[in-house]
Amino acid sequence: MKQPAILIPEGCDKVLLHACCAPCSSAIVEWLMANGVRPTIFYFNPNIWPREEYEIRKNESKRHAGRLGLEWIDGDYDHEGWRTGVCGLENQPERGLRCEQCFTLRLTETARKAQELGFRYFATTLASSRWKSLEQIERAGQKAMAEVPGTVFWAQNWRKGGLQERRNQLLKENQFYNQQYCGCEFSARNGANTKPLLRAQMREAKKQHQAQLARMSEDIVRKLQGMTESRNVRTVMAYWPLSDEVDIRPLVDQLAAQGVSVVLPKVTGDETMELRHYASREDLEEGAFHIMEPVGEPFVAFDQIDFALVPGMAFDAAGHRLGRGKGYYDRFLSTHPDIYKIGVCFPFQRVAEVPSEAHDVVMDEVIS
């Protein structure tokens, strides 16, 4: 007789479910509730980097649980503690020893929480990802179970029983934020060792996050507004965004209305760009690459610029920037090295490493 794809452990009517994110949890939670097992969500993922990415995933998980009326527990974000736990394994490949150690750290904490709350069974949504090793996850769960007496790890391949297909349906229906990497800063390096490949990944990421781009832009603009107020700026080099860039137009208009001198780039015919004054949207016309550009007077007092807001497809912690490949910003900023450069991007565009060359200009700061 054929065994069912998913087997419920004997006597299990509740489970502490370690959740890595809302998309991976969705179909599992739905199946558990439909089959008489009530999950309590435990969100413990100190591996996720940067902090902005962590907060977005955490809030999506909390929103998902709240919509279903489920208890949701917030684990601590101790990224430095996690880094200590995987110390020496930073250069391990995907599915290598670092990944298994990461699973063990997170599942051991889940087992401790299960013991504390009186749960016998604990499980993890990590076992729903086709990018993860089920064998590593099961070994990690067994280690956690051995470490914490009275707990039992429900080792289950959550890709079976149509759950993988259902996950993809729920992702679209709920418009979940869908990350492009597991969250680990070391994992993010894999597959991103060339600029064309990283650009392709970022284009795909924007498609995945299309529904969230406007909300993310609003959050980032609030950060930038606070920054400009605290720094008492007089002159700002900004940009007029493309449809897939952080929309800073409200900030640009606000600064101009407040009397701040705003200058925007204009591409010239010799593969360079210059700056021109911006006072209102009436000062714009469509220019190169369908980008709206200013028609005001040229600006050359570069030493008066308090900082430049620079868009990009990806940024890393060292300030390396991935542009669209034309090199306009790199050529311009390299001739004006004293301008303080602030990269502006969505949280999912913060990656562990951007491939860099000697001529690439490094940002002084990145805001996402």
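For the structure itself, consult the block above.
First, a word on scope: everything that follows refers to the structure included in this document.

About the cut-offs
Residues numbered from 1 in each chain as written. Predicted model: local features only at pLDDT ≥ 70, side-chain atom pairs only at ≥ 80, totals over all residues. Heavy atoms only, no water. Salt bridge = Lys/Arg side-chain N within 4 Å of Asp/Glu carboxyl O. Helix = DSSP H or I, 4+ residues; strand = E, 2+ residues; numbered from the N terminus. Buried < 20%, exposed > 50% of the residue type's maximum accessible area, 1.4 Å probe, protein only. Axes fitted to C-alpha atoms, helices over the stretch in contact; angles between N-to-C directions. Parallel < 35°, antiparallel > 145°, perpendicular 65-115°, else oblique. Left-handed = near helix turned anticlockwise from the far one by under 90°. Contact = heavy atoms within 4.5 Å. Phe/Tyr/Trp six-rings, centres within 6.5 Å; stacked < 30°, edge-to-face > 60°. Lys NZ or Arg CZ within 6 Å of the ring centre and 35° of its normal. Pairing = 2+ DSSP bridges.

Moving on, we get to the pattern of salt bridges. Tallied over the full model, the rule gives 20 salt bridges. One salt bridge in this structure joins R222 and D219, with 2.3 Å as the shortest N-O distance. Of this pair, R222 and D219 are both found in helix α8 (residues 213–231), three residues apart, which corresponds to roughly one turn of the helix. By relative accessible area, which is 32% here, D219 ends up partly exposed. Taken together, the shared-partner salt bridges in this structure form one network comprising R51, E55, K58 and D74.

On to the packing of α8 against helix α9 (residues 249–257). Between α8 and α9, the shortest axis-to-axis distance is 9 Å and the interhelical angle comes to 25°. With respect to their mutual orientation, α8 and α9 come out roughly parallel. The interaxial crossing formed by α8 with α9 has right-handed handedness. Packed against α8, whose contacting residues are V221, L224, Q225, T228 and E229, the element α9 presents L251, Q254 and L255 at the interface.

Right, let's get into the packing of aromatic side chains. For the structure on display, the rule yields 11 aromatic pairs. Ring centres of W240 and Y278 lie 5.5 Å apart, and the angle between their planes is 40°; on these two criteria the pair is classed as tilted. Here W240 is found in the loop between β6 (235–237) and α9, whereas its partner Y278 is found in strand β8 (residues 273–278), with 38 residues between them in sequence. Y278 carries the same exposure label as W240, and that label is buried. A centroid spacing of 6.4 Å and a plane angle of 80° characterise the contact between F299 and F302, whose relative ring orientation is edge-to-face. The side chain of K14 reaches across the aromatic face of F119, ending 4.6 Å from its centre. For the cation-ring pair, R331 lies above Y328, with the distance from its terminal atom to the ring centre recorded as 5.3 Å.

The next point concerns the sheet that holds strand β16 (residues 365–367). Strand order in this open sheet of seven strands is β11-β8-β7-β6-β12-β15-β16, and the pairing throughout is mixed. Since the sheet does not close on itself, it has two edges, and those belong to β11 (298–299) and β16, each with one partner. With respect to the sheet, α8 is in contact with β12 (307–311), β15 (341–344) and β16, its orientation differing from that of β16 by roughly 135°.

Where strands meet in a sheet, backbone hydrogen bonds hold them as pairs that are either parallel or antiparallel. Within the open sheet, the five strands sit side by side as β3-β2-β1-β4-β5. Their pairing is parallel. For this open sheet the edge positions go to β3 (72–74) and β5 (152–153), each flanked by a neighbour on one side alone. Of the pairings in the sheet, the one linking strand β1 (residues 14–18) to strand β4 (residues 121–124) comprises three bridges and is parallel in character. Looking at β4, one finds that H18 is bridged to T124. Here helix α4 (residues 97–117) sits on the sheet and contacts β1, β2 (38–43), β3, β4 and β5; the angle it forms with β1, its principal contact strand, is near 150°.

Bringing the environment of T194 into the picture now. In this structure, T194 sits in the loop between α6 (163–174) and α7 (195–208). Overall, the relative accessible area of 34% leaves T194 in the partly exposed class. Put simply, T194 and P355 are 161 residues apart on the chain and 6.2 Å apart in space, counted from C-alpha to C-alpha.

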